[in-house]
Structures are given as structure tokens and as C-alpha cells.
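A closer look at the structure
Below are the chains, spelled out letter by letter.
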Amino acid sequence: MAAEVKGYQLAICFGPNGCPNRTMQSQALVERLEHVLKAADLLGFLKTQVSGDLKFHHEFRVTVAECPNACSQPQIKDVGILGACLPAITDSECTHCEACVAVCPESAVALDDAAPTPVIDGQRCIACGKCVTACPTQTLVAGQTGYWVQLGGKLGRHPRLATELPGIYDEDGVIKIVQDCVDFYKAKSRNGKRFAELLSEADIEAYGKTGRFPDES
């Protein structure tokens, strides 16, 4: 096992193989993430911190899911990245065909005979983009697109689900977050301690508000 450990794991869902649920095409993002993780020399870092053979659970883990179905399990990774597509309402006439209502798994879209366009419940909508794809009149189109980002998930003896940062990030924003998380991890991890064990909810809240971890200058 030790010979196969490379210091990090980077995974992507089945989206590039033709999944119909894709909200984003993330090949370019994954290539940029690979560059960031390789440049960090996480294997060299772990070798200085872990006594004995390295194991896969020592590795820093990043995963990309191209839709909120999250097949690559971002909720249990150090950094989880999920494609997002928020619907936007246009001036194109809505025929009230109810295709958007029928396709939404979250019951986040409603039609009212008294309203000229669909109504989107922002509390229910998870930005999967299904209503956008289903709309035949382009009354609903893709609005803000990008990625949700979740931090600090893990399994093991004390499992923890990742906490989502507020907002949707573009590709550059995702790269910055991953770089910041790697820097935080290398500054604080000793003896192979996992990122999720180092990261408090206060750290995540502070990062979500300011774009930096609390002890950064």
C-alpha cells in the first residue's frame, strides 16, 4: 500500500461518461486541481509527519461531483465540490405546461394560474438545473452556475459530514479554496492528523465570511 500512496486523492463522478444529470462540465477544473495538489508535494509532507508506512487514509482527499446527486461522495471528503445551476426566469411567455413542476425532485417549482411565470422556492431548490433543461419555452434558463464547496468531511471512528460554504463559486474561486485548505492542512497537521480533525466549525464559518481562515494574516 505504501508504494501506491501519492499524498492526495482526487476523484470525479460519472458525469464525463455521459450522465444526463450534469450541471457543469468539470474536466478543466479537475486538471487545475490536479496541478494544485501535485505542486503541494503532499506526499513529501506526509513522509516528514508520519512515522512508519503511509496508508491511503493519510491522503488529502478532494472530489468533484457534477450535480447535487453527489455520486462521488463529496460530503465525506476533505474538500467536496458540487456542480450547481440556479434557474433564472426570463420574459419568454410561459405556457404553463408544468414540465418544470413535473421534473423537479424537490418540489421547488410551482405554477399559479394567476402568475405569468413559474415560482422558484429558494429554500427547496438545490440548483440541479433539471427545470432549466425541461422548460420548452426558455422561460426558465440557467442563471448563476458554478460550484458549491463543502469542507471537512471524513469517515473513520468519528465520522463527520462536510460543512458547506455559503454561495456558488466559479472555477477560480474553487481553486483558491482548495489551495487555502491545503496550506491550512500543511501548517497545522502533525503525525498524519486529518484535515477534518483540524478544522472547526468556527474556522469554516470564518472562511465563508472572509475568504480566509482565522489565523491567516
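Residues numbered from 1 in each chain as written. Predicted model: local features only at pLDDT ≥ 70, side-chain atom pairs only at ≥ 80, totals over all residues. Heavy atoms only, no water.

Sheet analysis places strand β3 (residues 79-89) next to strand β6 (residues 140-151), joined by 10 bridges and oriented antiparallel. Of the residues in β6, the one forming a bridge with I89 is L140. Pairing of β6 with strand β7 (residues 163-164) involves two bridges; the strand directions are antiparallel. Looking at β7, one finds that Q150 is bridged to E164. (Pairing = 2+ DSSP bridges. Helix = DSSP H or I, 4+ residues; strand = E, 2+ residues; numbered from the N terminus.)

What follows concerns the packing of aromatic side chains. Aromatic ring pairs: the centre-centre distance and the angle between the two ring planes describe each pair. For the structure on display, the rule yields six aromatic pairs. Plain terms: the ring middles of F60 and F195 are 5.4 Å apart, the flat faces sit at 65° to each other, and that makes the pair edge-to-face. Remark: F195 occurs in helix α6 (residues 195-198) and F60 occurs in strand β2 (residues 60-65); sequence separation between them is 135 residues. In this structure, F60 and F195 share a single accessibility class: buried. One aromatic cluster in this structure is built from F45, F60, F184, Y185, F195, Y207 and F213. (Phe/Tyr/Trp six-rings, centres within 6.5 Å; stacked < 30°, edge-to-face > 60°. Buried < 20%, exposed > 50% of the residue type's maximum accessible area, 1.4 Å probe, protein only.)

Take the packing of helix α2 (residues 42-49) against helix α5 (residues 171-188) next. Across the interface, α2 lies against α5 with an axial gap of 11 Å and an inter-helix angle of 20°. Judged on the interaxial angle alone, α5 and α2 are roughly parallel. Seen from above, α2 lies across α5 with left-handed handedness. Within the contact between the two elements, α2 uses L42, F45 and L46 and α5 uses V182, Y185 and K186. When grouped by side-chain class, the residues that make up the contact of α2 with α5 number five nonpolar, no polar and one charged. (Axes fitted to C-alpha atoms, helices over the stretch in contact; angles between N-to-C directions. Parallel < 35°, antiparallel > 145°, perpendicular 65-115°, else oblique. Left-handed = near helix turned anticlockwise from the far one by under 90°. Contact = heavy atoms within 4.5 Å. Nonpolar A, V, L, I, M, F, W, Y, C, P; charged D, E, K, R; others polar.)

Further remarks concern the sheet that holds β7. Across the sheet, which stays open at both edges, the five strands sit in the order β1-β2-β3-β6-β7 with mixed pairing between neighbours. Two strands bound the open sheet, and with one partner strand each, they are β1 (8-12) and β7. Relative to the sheet, helix α1 (residues 27-39) contacts β1, β2, β3 and β6, its axis offset from that of β1 by approximately 175°. Along the sheet face, α5 touches β2, β3 and β6 and points at about 5° away from the line of β6.

Counting 39 residues, the largest nonpolar core has L33, L37, F60, V79, I81, L151 and V178 as its most contacted members. Those residues in contact with V178 that lie beyond four places of it in its chain are L33, V36, L37, V79 and I81. Core analysis: the second largest hydrophobic core is formed by nine residues, C104, A108, V109 and L140 among them. (Core = buried A, V, L, I, M, F, W, Y, C linked by side-chain atoms within 4.5 Å.)

This next bit is on the side chain of D180. Tracing the sequence through the fold places D180 in helix α5. With relative accessibility at 12%, the residue D180 sits in the buried group. When near neighbours in sequence (up to four residues on either side) are disregarded, D180 contacts Y207, G211 and F213.

Let us now look at unusual backbone geometry. For Q73, which is not glycine, the phi dihedral falls at a positive 60°. Structurally, the position occupied by Q73 is in the loop between β2 and β3. For E98, which is not glycine, the phi torsion reads 70° and is therefore positive. Examined against the element boundaries, E98 turns out to sit in the loop between β3 and α3 (99-103). On the basis of relative accessibility, which here comes to 47%, the residue E98 falls in the partly exposed class.

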